Amino acid sequence: MLDPELLERITARRAELDELEEELAKQLAEVRAERDELAVAEGVLERMSEQLAGERASAARTPGQVGRWADRR
């Protein structure tokens, strides 16, 4: 016959582990979501940096022009 005290301890431990699993799954989902957000931010930063570099290179090739406006002295 099964020891009722041991069975109770096993059941309690299983409940603790189920709760821990749920908590860890939630944390993992949050970590993955934040990592995805960082990847998007990194992509935006790369595109903006490339665009800015292109604008600077274009401005350097066009003397007398600042930004989009020609220097009309």
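Residues numbered from 1 in each chain as written. Predicted model: local features only at pLDDT ≥ 70, side-chain atom pairs only at ≥ 80, totals over all residues. Heavy atoms only, no water.

## Some thoughts on the overall build of the protein chain
Each helix and strand counted, the protein chain has one helix and two strands in total. In the protein chain, the order of α-helices and β-strands from amino to carboxyl end is α-β-β. Across the 73 residues in the protein chain, those meeting the buried criterion constitute 1%. Of the roughly 7400 Å² that the protein chain leaves accessible, carbon and sulfur atoms contribute 56%. (Helix = DSSP H or I, 4+ residues; strand = E, 2+ residues; numbered from the N terminus. Buried < 20%, exposed > 50% of the residue type's maximum accessible area, 1.4 Å probe, protein only. Areas by Shrake-Rupley, 256 points an atom, 1.4 Å probe, with all protein chains shown as cover.)

## Side note on the pattern of salt bridges
Where side chains of opposite charge bring their charged atoms close, a pairing between them can arise. Using the criterion set out here, one finds one salt bridge in the structure. For the salt bridge of Glu16 with Arg13, the shortest nitrogen-to-oxygen distance reads 2.9 Å. Here Glu16 and its partner Arg13 are both found in helix α1 (residues 4-61), three residues apart, which amounts to about one turn of the helix. A relative accessible area of 45% places Glu16 in the partly exposed class. (Salt bridge = Lys/Arg side-chain N within 4 Å of Asp/Glu carboxyl O.)

## What to know about a negative patch on the surface
On the surface, a cluster of negative charge is made up of Asp18, Glu19, Glu21, Glu22 and Glu23. Its relative accessible area of 43% is what places Asp18 among the partly exposed residues. (Patch = residues over 30% accessible without salt bridge, like charges linked within 9 Å, V, L, I, M, F, W, Y side chains within 5 Å. Lys, Arg positive; Asp, Glu negative; His and termini not counted. Charge placed at Lys NZ, Arg CZ, Asp CG, Glu CD.)

## Overview of a nonpolar patch on the surface
Together, Leu17, Leu20 and Leu24 line one region of the surface with nonpolar side chains, adding up to about 250 Å² of accessible area. Within the secondary structure, Leu24 is located in helix α1.

## As for the confidence of the model for the protein chain
The predicted model of the protein chain averages 90 in pLDDT, with 85% of residues at 70 or higher. Summarising per-element confidence for the protein chain, the mean pLDDT is lowest in strand β1 (residues 65-66) (56) and highest in α1 (96). (pLDDT = per-residue confidence, 0-100.)

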